[in-house]
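The chain contents come next:
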Amino acid sequence: MKLKLTIIYLWIISFTLFAPAAGVSGHQTSELINQLTGKSEAPQRDATQLTQAYQKAIDYLLPLMSAEDVGSRYAPQITLQQIAFHASRPGAETERMAMAMVILKTLEQAEMPDTVRHWLVLQLERIGQSESVPALTKLLSAEDKHLRDFARRALEKNTDPSATQTLLKELANAKEPEWKIGLINSLGQRKAESAVQPIAKALNDSDIKVASAAATALTNIADKDSVQALLTIIENPAAPIYQKAAQGLIDIAGQMAEEKNTAAAAKIYEALYENAAKPAGDSDSPNPFNIRAAAVIGLIVCDPEKGTRELLAIMQNADQKTRTLTIRAARLSPNMEAVRTLGKMLAELPPYSQVQVLGVIGDRGDRSSINYVKELLRTEDPAVRLAAIDALTMLADSAAAESLFDIAVNGFGYAKRAALAGLAIMKGPDVEVLIKANSLSGDVQSRVTAIDLLGQRHVSDSVKSLLILAAEQNEDINAAAFAALENFADSLDIATILDLLVRTKSGKARYSGIVTFRAMLSKARDKDAAAKIIIEKTENADSQTKLLLLGTLDALGGSRALKAVAEAAKSSDENTCNIGIRTLSNWPDYEAAKILLEIVSKPETSLTHYVLATRGVLQLIQTSETTPLEVRASDCINAFDNARRDEEKRQAISTMALLPAKKVADKLMELVKDEKFKEEAALAAVQLSAVMLTTDRQAARELAQKIREMNISDDINRRAESVISGRGFRFREGRSRRNR
Amino acid sequence: MKKNNSINRRDFLFKGASTLAAAIAFPTIVPSSVFGANAPGNRITMGMVGMGLQMGGHLRGMLGRSEVQVLAVCDVDRNKLQSAKNSVERAYARATTAGTYKGCDAYNEYERICERPDIDAVFICTPDHWHAMISLAAVKSGKDVFCQKPMTLTIREGRMVSDACKRYGTIYQVGSQQRSNWAFRKACEIVRNGKIGKVHTIYARLGQFAPPMTLPEEPVPDGFDYDRWLGPTPWYPYNSERVKADFGGGWRRFWEYGSRKNGDWGAHHFDIIQWALGMDDSGPVKFVPKGCNGAEYQTHYYANGIKVLRDYPDTGGHMIRFIGTDGEVLVSRDNRIDTKPAELLQAPLLPDEIHLYESIDHDGNWLDCIRTRKKTICDAEIGHRTATICHLNAIAERLGRQIEWDPTEEKILNDPAAERWMDRPRRAPYVL
């Protein structure tokens, strides 16, 4: 749709631009514009020829830009802009100058809409240099206030020094606050040191907005005199523009610090810090906590010793808000002193600050504070305890690992989970050594935890140990080892694990082993080879093991395993038959569908097996996207026709909604007439039509239309209308607009 | 492949993270009772600015969090403002025994919010051209800030906001929320850990807006402060289409108020690409617009030769496609991710590999960081670097020529006219 609109739009542009100059002249203008915008190669032109060419282009574009139909003005405006942009490219000074001169000459014309004049001045903002200053100066007195401001902005961007003089002169005579603000701002943006004196004077303007703009302009200029003028303001915390001046000084000092002029920056921060600590004249004025915090943050970078002292003072005495902001200082400090100082204070701080300081210690890796951190593992506050665990994870040394391991073994709730999660990703050789040692000896709970971590951390050289542990004489250790082995499922030998599993007698360990074994089977590359190993194993196994192994084959899939399971499903032995059908009902490959349908259709199939088989086949129909649609459609109809109960018939109808085939649509239309399945079939049909919108739009709409005409329910009508309108709807997943 | 996040924000305050040079993440699960979150005195007090289309979901989200108290709303449209105030007061009234609540102030000017010492944080959902001005005012007055993407309208604005955040200790979150999505993080971890080999090409699907337009003047509706809506941008006659909130157009289609699709969707996808390449403090070096010197697709290049193509048709049905010497990662919203080979997706991340910052709730991550004072998942520097890519692509598109960029010095090279686009002059009386 959007593409179509764009094509139509481009066609309109071409028509609008070149239709008036039909024939040879139209072609010539088109070619000229292509040359001037860089779309086609231009002949060599001298300055005079360039002026003529630009003039010709503007003479052509100007009436179009001023057309009565405002909407049609856009294309010529953009063409003019493209010409200006192309002329401003590097190495094309003659073109730029010629284009600017032609724009300036055009601006002298009396007749053109204001918006067109604005557009021309806007181009000068982008490409104008010294040649534009006189004309722009004149426009500063234009009647149209918007035009005046366009001109001011063009001067602000003009690289020629004469633009500063013009703006300064205009400022000297400016009366309107808004105009003064604009001029002051432009001079500030130009970093005009020659403007500092008049701008500093404006700091005392009766209009606070003008005074604020002056403070901002001085911040941008940031020379010695500007700094001095701003420092004078902050001596009085009650001054109306105290905040603006202080904020300006923070910016200036920050810039100085980045330029490594730390001594000068530190002086400014000190002045700010002292003044921010003074009581304001008006007792209702809030304490400038933002300035105080920023001053300490800056100070710590420029003078770490002094900054650390002030940080300490704030952490001990200031309010929560100031403390919270100032914590940042410790993150930026060039040395670790501030972090260590905070570490020592940890126990005395309120929980809110403790959490923040623990974050700093962890992120900055201050191992010297580890004992203070460990102290807080015993604190009452859960947030503090978790922050301490987080910090220890980041510190990642043996002491930290031991503490976390202790919590992982003996702790509970989220602290235990956090410690385990931390140990699972903690870096460093110390951690690995600790975990391996604990996996081999100690009490069972410690060993189980350590074995679990060996798996989570995917310590590859521990597979051999885990295999030995899986055969130990302790079912908890066996179960933990099997569970850990699951993390290596893609690299384990099937025969080895199978042997181990068959020898395992404990229920808990066997269950864990089966989970791991199934994970391995699902990743097996040669399914038939894997099936061969398992089937051979079942031949000599006891009946319980045999059933257990048969039940794992659905994790493997493949034709060899399928054959074994299908035979089991036909077995006269009740248990074997049961496990066979259950395994088949979870089969991953579509080849099982035919066998399952046979089971469904047999009257002698028990109700449980019939339900399992129906669900199994419908699941395969829904998920086997590589199987031809027609096959799945026929099987689904077959499943419906063979279903004994309405519950399974409804499940089949719901599956039909996913199969955009004609026979399915016909079946649903037939079922819509059946009172018993009317609503389910109508809903499935309308959902099917939404799916078909992407494959056969017309058929989709026709199907939806038929359903709409039946007027079955408001909900179904609404969905049908969405399809008829071509919008469609999502019926499987919601989608939130907020996610944009 | 799709995955649903199993951890519910209602159940857990955060799955927070620590970062050390953005290279490690540690997921801690903290119950919502921490920090005494429900105690009124401990709530994060908030002012919301820009009560339009984008704010709707955020406002509902904030009103549903017991750790937040919305104290003020701000908009230049009186109707939207009143409606937002009513929504806030209705929501809080439900929690009172009396069934009434009148504690939300409504302002036309965001400055009123910044002046209030009782407000801790500011949530910004205005059009792009107001992001930096409001952000800076809030940051400098000591507030923490959430700002919708793209963070800024110009490159200089981004540098200013990022610097200010460092100087004031601000917790700043940019609304490029794909970082808080499992699939995008997973994709970035796969790329960052070299699992698809050396990345050489990336496709990003941004889509297209209809072109901008010239519009006839219409009367400004009663109660709509059009001058404030325009703010620092050039004056144009009022037309409802210009100011319309519309994800498919409205103000988003005009260059004056944003970088069109480069800003709108680039702020999401270029952001993820930066994350995946480990370029959060840097950026590409060359930007070539579509059609320039025969370029079929808008492309930007990193110094190591990696190229990012916009709207290349074969993204494999995904939003972003990373192509490396040994494989591919394809990723989209709704937690969709695919890899070639497929096994890459299942490969575990070892302790010594790069674990990226983990967040599963973008707004919640900001609130968590306000308390812990840790970096957010998409802080101002990250937002600035991403927005820079959006803007440079847009500048190249408008100028119709290649732009060379020095990401260390943050300078456009060898093109003085293009350099002027580092910032845009502001209409009086608006000052940055």
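Residues numbered from 1 in each chain as written. Chains lettered and ligands numbered in written order. Predicted model: local features only at pLDDT ≥ 70, side-chain atom pairs only at ≥ 80, totals over all residues. Heavy atoms only, no water.

Visitor: So what exactly am I meant to see when it comes to the overall build of chain A here?
Guide: Helix and strand counts for chain A come out as 42 helices and 0 strands. Since a compact globule built from 740 residues should have a radius of gyration of about 27 Å, the 40 Å found for chain A marks it as more spread out than a globular shape. C-alpha atoms of chain A, sized along the principal axes, occupy 105 × 80 × 55 Å. Residue burial in chain A is summarised as follows: out of 740 residues, 54% are buried. Of the contacts made within chain A by residues no fewer than 6 positions apart, 62% connect residues no fewer than 24 positions apart. Approximately 33,900 Å² of chain A is accessible, and the part contributed by carbon and sulfur atoms is 51%. Within chain A, the 94 negative side-chain charges are centred at a point lying 2 Å from the centre of the 92 positive side-chain charges. (Helix = DSSP H or I, 4+ residues; strand = E, 2+ residues; numbered from the N terminus. Rg over C-alpha atoms; globule rule 2.2 N^0.38 Å. Buried < 20%, exposed > 50% of the residue type's maximum accessible area, 1.4 Å probe, protein only. Contact = heavy atoms within 4.5 Å. Areas by Shrake-Rupley, 256 points an atom, 1.4 Å probe, with all protein chains shown as cover. Lys, Arg positive; Asp, Glu negative; His and termini not counted. Charge placed at Lys NZ, Arg CZ, Asp CG, Glu CD.)

Visitor: Could you clarify how one ought to interpret the packing of helix α16 (residues 289–302) of chain A against helix α18 (residues 320–332) of chain A in this entry?
Guide: In a pair of packed helices, the angle between the axes and the distance between the axes together describe the arrangement. All names here are of chain A. It is the contact of α16 with α18, at a shortest axis distance of 8 Å, that shows an interaxial angle of 15°. Viewed along their axes, α16 and α18 adopt a mutual orientation that is roughly parallel. Crossing hand, α16 versus α18: right-handed. In this structure, α16 uses F289, N290, A293, V296, I297, I300 and V301 to contact α18, whose residues at the interface are K321, T322, L325, T326, R328, A329 and L332. (Axes fitted to C-alpha atoms, helices over the stretch in contact; angles between N-to-C directions. Parallel < 35°, antiparallel > 145°, perpendicular 65-115°, else oblique. Left-handed = near helix turned anticlockwise from the far one by under 90°.)

Visitor: Explain the sheet that holds strand β5 (residues 105–107) of chain B to me, please; I cannot follow it from the model alone.
Guide: The strands making up a sheet are joined through hydrogen bonds of the backbone, oriented either antiparallel or parallel. Residues and elements named next belong to chain B. Strand order in the open sheet formed by 6 strands is β5-β4-β3-β6-β7-β8, with parallel pairing between adjacent strands. The outermost strands of the open sheet, each flanked by one partner alone, are β5 and β8 (172–174). Neighbour-to-neighbour, the strand axes of this sheet turn through a mean angle of 20°, independent of strand direction. As paired elements, strand β3 (residues 44–49) and strand β6 (residues 121–124) share 4 bridges and run parallel to each other. Residue pairing in the sheet places V49 in a bridge with I124 of β6. (Pairing = 2+ DSSP bridges.)

Visitor: Whenever I open this one, empty space enclosed by the protein confuses me. Can you help?
Guide: The method is simple in principle: a probe with the dimensions of a water molecule rolls over the atoms, and the space it marks as empty is what remains. With the rule as written, the count across this model stands at 4 cavities of 30 Å³ or more. Considering only enclosed or pocket space, the largest cavity measures out at about 270 Å³ in volume. Lining the largest cavity are 19 residues; nearest its centre among them are A:E125, A:R126, B:P234, B:R424 and B:P425. Counting only elements with at least two residues in the lining of the largest cavity, the list comes to α6 (114–127) and α8 (145–157) of chain A. Here the element with the most residues in the lining of the largest cavity is α6(A); it accounts for 3 residues. Residue composition of the lining of the largest cavity, by class: 7 nonpolar, 1 polar and 11 charged. (1 Å grid on protein atoms, 1.4 Å probe; cavity = no way out; pocket = protein on both sides within 12 Å on 5 of 7 lines; lining within 4 Å. Points joined across faces, edges and corners; volume = space filled by probe spheres on them. Nonpolar A, V, L, I, M, F, W, Y, C, P; charged D, E, K, R; others polar.)

Visitor: Got a minute to help me understand the interface of chain A and chain B in this structure?
Guide: One widely used convention gives an interface's size as the accessible area the parts lose upon coming together. Chain A puts 91 residues into the contact, and the matching count from chain B is 83 residues. Interface area for chain A against chain B, summed over the two sides, is near 7,700 Å², with a carbon-plus-sulfur share of 55%. Across the contact surface, chain A and chain B share 6 salt bridges. Here A:D363 and B:K374 are joined by a salt bridge, their closest N and O atoms 3.7 Å apart. Where chain A packs against chain B, one counts 26 residue pairs in polar contact (both at pLDDT 80 or more). Here the side of chain A that touches chain B gets 8 residues from one element, more than from any other, and that element is α6(A). For the side of chain A that touches chain B, the class distribution of residues is 33 nonpolar, 30 polar and 28 charged. (Buried area = accessible area lost by both parts, 1.4 Å probe. Salt bridge = Lys/Arg side-chain N within 4 Å of Asp/Glu carboxyl O. Polar contact = N/O pair within 3.5 Å; in protein donor to acceptor, adjacent residues only side chain to side chain.)

Visitor: Is there a simple way to think about the pairing of strand β15 (residues 336–340) of chain B in this case?
Guide: Each regular strand carries side chains that alternate between the two faces of the sheet. Burial along β15(B) is one-sided: the residues B:I337 and B:T339 are buried and none of B:R336, B:D338 and B:K340 is. Linkage of strand β14 (residues 328–332) of chain B to β15(B), two consecutive antiparallel strands, is achieved through a turn of 3 residues, within which B:D334 is found at a positive phi near 60°.

Visitor: Can you help me understand the confidence of the model for chain A in this one?
Guide: This prediction gives chain A a mean pLDDT of 91; 94% of its residues lie at or above 70. Throughout residues 1–7 of chain A the model reports pLDDT below 50, and contacts reaching past four residues in sequence, or to other chains, amount to 2 contacts. (pLDDT = per-residue confidence, 0-100.)

Visitor: It is not clear to me how helix α13 (residues 224–234) of chain A should be interpreted in this structure. Could you clarify?
Guide: Counting along an α-helix, one turn takes 3.6 residues, and residues three or four places apart therefore face a common direction. Looking at α13(A), one finds that the buried residues are A:S226, A:V227, A:A229, A:L230, A:L231, A:I233 and A:I234. Packed against the buried residues of α13(A) are α11 (196–202), α12 (208–221), α14 (242–258) and α15 (262–277) of chain A.

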